[in-house]
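The lines below spell out each chain.
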Amino acid sequence: MTLKAVQIRFMNCVTFVFNVVKLLLEDSQKKVTDRFDFLDGYRGFCALTVTLHHTVPVYGDPGDFKWFIKAGYFIGVLGFFVLSSFLLTFRMIKDFNKSKNFNEILEIIFKYFIRRLFRIYIPFFIFVTLIKIGPNCVKGIYTRFNSWFGLITLESPGFNHLWTIPIEIKYYFIIPLICLVFHYSKKFWFLLLAPSVGLTYFLFASYLRINQNDLEIAISNKLWPRFSVFYSGSVVALLYFKYEEWTSEWKNVFKHKIMRLILCMVSYLMTWYGITHFSPYYKADINLIKDANHPGIKFSILLFFMLIGAPNDFTRVFGQNFLLKKIGKFSFGVYLWHPMAITLILRNYRFERRISALACVLMLTQLSAVLFYFLVENPMMKLGNILIQKVEIQTIISKFDRFKYKLIQNEVSNSLESNI
């Protein structure tokens, strides 16, 4: 082999490696325009709350961080449920509104499930596989995981932080049904929405109230005990969709400086109320069963005020906070990997100051989340986008073929008529 041939092969190998690295590092979501920039910070706040909720008890006496004990559930997890259901429902109902027939609606639903498969389930599948084959030292503060097959089939995950994933995935299948009913209800949408909200919260406050077994995360992966929390997020999406359809005169009322100031103040007051009522540090008699659904309602109202009042000082707390936005961008990885960071940091090192330990946990968690995003989540989203593009191309081809068939039919019929 000549020197020139060796140089060509070497350059080809370098180019290939460079293209692979570029593909991994290129963010598949960078071209996606999101008008709700502040919700990344909101998501980051929820992820931060969950992380500190699991970190503080491991370190010993919580001290000034007592507020985060149990707040990870009432604020972090329930906040995630509300936000996730809002974003997915809002996007689908907007896509439905652009559709021209039922076939296009079916295509929207099909692409929705493709996105959820590649965005959530496949990264979750890879994560579960890694923790099952990995050493015990990286399994996190929870080592009692269910079997690998039990985890990937979304059965009860065991006593660990993965209990929310099966519940959220189950709600993904209900969102298209909610959007279909809302879309075809037309001008009678409120006559269906209002009774459904009342019936939901009546049932969950009386006959369907959750019990202690439903809160045993090691054995329970039921959706219905948390359905009202998810549904409240979907209701916000439907109401905000109708709010956007209002005439500009009505919208200008809510966009006025005085109204934004009022909404900002109300948002701060609701946040203060949530902190003082959803944390055992402030409310010793908080009941996981009795108070399980109320946070979802209050978070949904707060989210709606944030949406119609943005931008204001309250939304800027989340939207312009660099740390919260970065945690929010990689929040799925933060949620998956933070127990492993807690194990590696707090069980192997002893810090004189608690804040130093928390900072190290957060840095390792964020590093793991970033690596997981670019090595797993981002490539999977790109594969999902490629598959969606192929579906769209096939749809365009089929539409073109039907159009061409109609033209041929018209030409044949015209020629027959002329011969007659």
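Parameters and conventions
- Residues numbered from 1 in each chain as written.
- Predicted model: local features only at pLDDT ≥ 70, side-chain atom pairs only at ≥ 80, totals over all residues.
- Heavy atoms only, no water.
- Phe/Tyr/Trp six-rings, centres within 6.5 Å; stacked < 30°, edge-to-face > 60°.
- Helix = DSSP H or I, 4+ residues; strand = E, 2+ residues; numbered from the N terminus.
- Buried < 20%, exposed > 50% of the residue type's maximum accessible area, 1.4 Å probe, protein only.
- Lys NZ or Arg CZ within 6 Å of the ring centre and 35° of its normal.
- Patch = residues over 30% accessible without salt bridge, like charges linked within 9 Å, V, L, I, M, F, W, Y side chains within 5 Å.
- Areas by Shrake-Rupley, 256 points an atom, 1.4 Å probe, with all protein chains shown as cover.
- Salt bridge = Lys/Arg side-chain N within 4 Å of Asp/Glu carboxyl O.
- Core = buried A, V, L, I, M, F, W, Y, C linked by side-chain atoms within 4.5 Å.
- Contact = heavy atoms within 4.5 Å.
- pLDDT = per-residue confidence, 0-100.
- Expected span 1.5 Å × (residues − 1).
- Bend = angle between axes of the 7 residues up to and from the residue.

Q: Got a sec to walk through the packing of aromatic side chains? Specific residues and values, please.
A: A full pass over the atoms with the stated rule returns 28 aromatic pairs. Aromatic pair F314 and F318: ring centres 5.5 Å apart, planes at 70 degrees, arrangement edge-to-face. Taken as a pair, F314 and F318 lie in helix α13 (residues 313-319) at a separation of four residues, close to a single helical turn. A relative accessible area of 4% means that F314 is categorised as buried. By way of ring pairs, the aromatic residues F36, F86, F90, Y240 and Y243 are connected into one cluster. Lying across the ring of Y172, R116 places its NZ or CZ 5.4 Å from the centre.

Q: Go over a nonpolar patch on the surface with me, naming the residues and quoting the values.
A: On the surface, a cluster of nonpolar side chains totalling about 300 Å² of accessible area is made up of F102, L106 and Y184. Here F102 shows up in helix α4 (residues 102-133).

Q: How would you sum up the pattern of salt bridges? Please name residues and give values.
A: Think of it this way: side chains of opposite charge can pair up when their charged atoms draw near. A complete count under the given rule lists five salt bridges for this structure. Measuring nitrogen to oxygen at the nearest pair gives 2.7 Å for the salt bridge that ties R43 to D40. With R43 and D40 both in helix α2 (residues 38-58) and three residues apart, the pair spans about one turn of that helix. Residue class for R43 comes out buried when judged on its relative accessible area of 17%. One salt bridge in this structure joins K242 and E245, with 3.4 Å as the shortest N-O distance. Taken together, the residues K242 and E245, both in helix α9 (residues 227-245) and three residues apart, mark about one turn of the helix. Taking the relative accessible area as the measure of exposure, K242 reaches 17% and is therefore buried.

Q: Can you explain the environment of L162? Please cite residues and give values.
A: With respect to the element layout, L162 can be found in the loop between β2 (158-159) and α6 (164-172). Classification of L162 as buried rests on a relative accessible area of 0%. Distance from L162 to F145, taken between C-alpha atoms, is 8.9 Å for residues 17 residues apart in sequence.

Q: Describe unusual backbone geometry, naming the residues involved and giving the relevant values.
A: Look at the link from A310 to P311: it is a cis peptide, with omega at -5 degrees. One can find P311 in the loop between α12 (294-309) and α13. Not every positive phi belongs to a glycine, and K186 is a case in point at roughly 55 degrees. The topology assignment puts K186 in the loop between α7 (175-185) and α8 (189-205).

Q: Explain the nonpolar core to me, and be specific about the residues and the numbers.
A: By size, the foremost hydrophobic cluster in this structure holds 103 residues, and its most contacted members are F86, F127 and L162. Considering every element that reaches this core, the biggest residue donor is helix α3 (residues 71-98), with 16 residues. F86 has contacts with F36, L39, G233, S234, V236, A237, L303 and L307, leaving out every residue within four places of it along the chain. Counting six residues, the second largest nonpolar core, distinct from the first, contains A341, I345, L346 and A357.

Q: Pulling in residues and values, what's your account of the confidence of the model for the chain?
A: Across the chain, the average pLDDT comes to 80, with 72% of residues at 70 or higher. When pLDDT is averaged over each element of the chain, α7 comes out on top at 95 and helix α1 (residues 3-25) at the bottom at 59. The model gives residues 416-420 a pLDDT under 50, and that stretch makes zero contacts with residues more than four places away or in other chains.

Q: How would you summarise helix α15 (residues 331-346) if you had to cite specific residues and measurements?
A: Compared with an ideal rise of 1.5 Å per residue, which puts 16 residues at 22 Å, α15 spans 21 Å between its outermost C-alpha atoms and is within 8% of the ideal. The largest bend in α15 is about 50 degrees, located at W337, with the proline P339 one to four residues further on. Across the 16 residues of α15, 15 count as buried, placing the element largely inside the fold.

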